[in-house]
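Descriptive structure summary
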Amino acid sequence: MNQLPERDLPPGRHRLLKEHLMTEIRHTDEAPAPARGRNRWLRPALIAGAAAALVATLTVALPSSGEPAPAASREAVALLEDIALAAEKADEPAEIRDDQFVYIKSKGGWTTHPGDDRPARLQPVHQRELWVSVDGSQAGMLHDPYARSDHELLEKPTPGIPSNTDYRHLETLPTDPDEMFAWLNKVSEGSGSKDEANFVLVGDLSRESLMPPAQAAALYRAAAKIDGVFVVDDAVDAIGRHGVAVARVDGAERTELIFDKKTKEFLGERVVLVEDVPWGFEKGDVTGRFAVLERAVVDRRGQRP
């Protein structure tokens, strides 16, 4: 029987896999490499198919200790306020039409596991392009060497789903930080703790969506209310750009959301192990990295700026 190829799923897909695999770990007391935690967010970028999920991109995570995390550090609160202020002042594309597409170009690579006895490995950094319908009424498209096809059509989001990331839906999110935090608590899912689920959701929205300025500012101010968040003074994204990160530790890994030190623009994400794990990785190893290169609004699916 031919083995299915290793394929990459967008970061927003991974949280779905974590819960399934962590359940299996609890039942068997064994330690296979569980899926990188990501929730249902970024629905337009999901690659359909149960078989794909079983051989999807995985990164290392261990169950959380269950101990309550401290409040976000003062440094993290101050940094997130600076990020929110920058987001408020960001230029919003003029006269976005419902029939247009949000285009996001990125590079990244995550730890993969083929689903058999072969060891997990870190993917090479590769380019990724995503087109998402502005109003969610049209199918999106993914260009990624690890996708099913060179230009894979993505299913249209189901109307009314809170996790939709089309621009028109994002415009309806709260602009008040307290209300945004309440919204995170209501919508985030698929993690060992609500704090981690909220932090993952902030990262997913930062990575492969176009957030309206007012909502983006509220999102980062809400992130300052998440327990366990702290600052990493020097973090490096997938293409080698150095920035400052807001970070959080969950189980064996530290997830860093990286921002430009001067402009406070989102650069990307990095995942670093904070302890050795039994499936071939050691403390300090990078198990995932991502970098946003370009965001724009284009007239057609497949069109580049």
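This text goes with the structure placed above it.
For the structure given in this document, a descriptive report is provided here. Just so we're clear, the structure is a prediction, and the values are computed from it rather than from any experiment. (Residues numbered from 1 in each chain as written. Predicted model: local features only at pLDDT ≥ 70, side-chain atom pairs only at ≥ 80, totals over all residues. Heavy atoms only, no water.)

Topic: helix α6 (residues 194-207)
The end-to-end C-alpha separation of α6 is 20 Å, in line with the 20 Å expected for 14 residues at 1.5 Å each. Looking at α6, one finds that the buried residues are Glu-196, Ala-197, Asn-198, Phe-199, Val-200, Leu-201, Val-202, Gly-203, Asp-204, Leu-205, Ser-206 and Arg-207. (Helix = DSSP H or I, 4+ residues; strand = E, 2+ residues; numbered from the N terminus. Expected span 1.5 Å × (residues − 1). Buried < 20%, exposed > 50% of the residue type's maximum accessible area, 1.4 Å probe, protein only.)

Quick word on the side chain of Ser-188
Here Ser-188 lies in the loop between α5 (177-187) and α6. Accessibility expressed as a relative area gives 3% for Ser-188, which makes it buried. Polar contacts involving the side chain of Ser-188 include one to the main-chain carbonyl oxygen of Leu-184, which spans 2.8 Å. (Polar contact = N/O pair within 3.5 Å; in protein donor to acceptor, adjacent residues only side chain to side chain.)

A closer look at the nonpolar core
The biggest cluster of nonpolar side chains holds 44 residues, and the ones touching the most others in it are Leu-80, Trp-183, Val-202, Tyr-220, Val-229 and Val-246. Of the residues forming this core, the biggest block, seven residues, is contributed by helix α7 (residues 213-223). Other than its neighbours up to four places away in sequence, Leu-80 contacts Tyr-220, Ala-223, Ala-224, Val-229 and Val-246. (Core = buried A, V, L, I, M, F, W, Y, C linked by side-chain atoms within 4.5 Å. Contact = heavy atoms within 4.5 Å.)

Considerations on the packing of aromatic side chains
By the definition in use, this model includes four aromatic pairs. Ring centres of Trp-110 and Phe-290 lie 6.4 Å apart, and the angle between their planes is 25 degrees; on these two criteria the pair is classed as stacked. Placement of the pair is Trp-110 in strand β1 (residues 101-112) and Phe-290 in strand β10 (residues 286-298), with a sequence separation of 180 residues. Grouping residues by exposure puts Trp-110 and Phe-290 together as buried. Consider the rings of Tyr-220 and Phe-259, whose centres lie 5.6 Å apart with planes at 85 degrees: the pair is edge-to-face. Residue Tyr-220 is located in helix α7, and its partner Phe-259 is located in strand β8 (residues 253-259); the two are separated by 39 residues in the primary sequence. On the accessibility criterion, Tyr-220 (8% relative accessible area) is buried. Put simply, the rings of Tyr-220, Phe-259 and Phe-266 touch in pairs and so form one group of aromatic residues. (Phe/Tyr/Trp six-rings, centres within 6.5 Å; stacked < 30°, edge-to-face > 60°.)

So, the pairing of strand β4 (residues 140-143)
Burial along β4 is two-sided: the face carrying Gly-140 and Leu-142 and the face carrying Met-141 and His-143 are both buried. In this structure, strand β3 (residues 126-133) lies alongside β4, joined through three bridges in antiparallel fashion. Bridging across to β4, Leu-130 finds its partner in Leu-142. Pairing of β4 with strand β5 (residues 152-154) involves three bridges; the strand directions are antiparallel. When the bridges of β5 are listed, Leu-142 appears paired with Glu-152. (Pairing = 2+ DSSP bridges.)

Things to note about α7
Taken across its 11 residues, α7 has 10 buried, putting it largely inside the fold. Here α7 has its buried residues at Pro-213, Gln-215, Ala-216, Ala-217, Ala-218, Leu-219, Tyr-220, Arg-221, Ala-222 and Ala-223. Contacts from the buried residues of α7 go to α3 (74-88), α4 (167-170), α5, α6 and β8.

Describing the pattern of salt bridges
Once their charged atoms are close, side chains differing in charge can pair, the charge on each being opposite to the other. According to the stated counting rule, one finds 18 salt bridges in the structure shown. Two residues, Asp-195 and Arg-248, come together in a salt bridge whose shortest N-O distance is 3.9 Å. Note that Asp-195 is positioned in helix α6 and Arg-248 in strand β7 (residues 242-250), a separation of 53 residues in sequence. Asp-234 serves as the salt-bridge partner of Lys-261, at 3.9 Å between the closest nitrogen and oxygen. Of this pair, Lys-261 sits in the loop between β8 and β9 (266-273) while Asp-234 sits in strand β6 (residues 230-236), placing them 27 residues apart in sequence. (Salt bridge = Lys/Arg side-chain N within 4 Å of Asp/Glu carboxyl O.)

Describing unusual backbone geometry
Backbone geometry places Glu-95, a non-glycine residue, at a positive phi of 50 degrees. Structurally, the position occupied by Glu-95 is in the loop between α3 and β1. For Glu-95, a relative accessible area of 75% translates into the label exposed. Even without a glycine there, the phi angle at Lys-264 is positive, about 65 degrees. As for its placement among the helices and strands, Lys-264 is situated in the loop between β8 and β9.

Focus: the packing of α5 against α6
Packed helix pairs are specified by the crossing angle of their axes together with the interaxial distance, meaning the distance between the axes. Interhelical geometry of α5 versus α6 gives an angle of 105 degrees and a closest axis separation of 9 Å. In this view, α5 runs roughly perpendicular relative to α6, as classed from their interaxial angle. Across the interface between the two elements, Phe-181, Trp-183, Leu-184, Asn-185 and Val-187 of α5 pack against Lys-194, Asn-198, Leu-201, Val-202 and Leu-205 of α6. Its residues placed into classes, the contact of α5 with α6 shows seven nonpolar, two polar and one charged. (Axes fitted to C-alpha atoms, helices over the stretch in contact; angles between N-to-C directions. Parallel < 35°, antiparallel > 145°, perpendicular 65-115°, else oblique. Nonpolar A, V, L, I, M, F, W, Y, C, P; charged D, E, K, R; others polar.)

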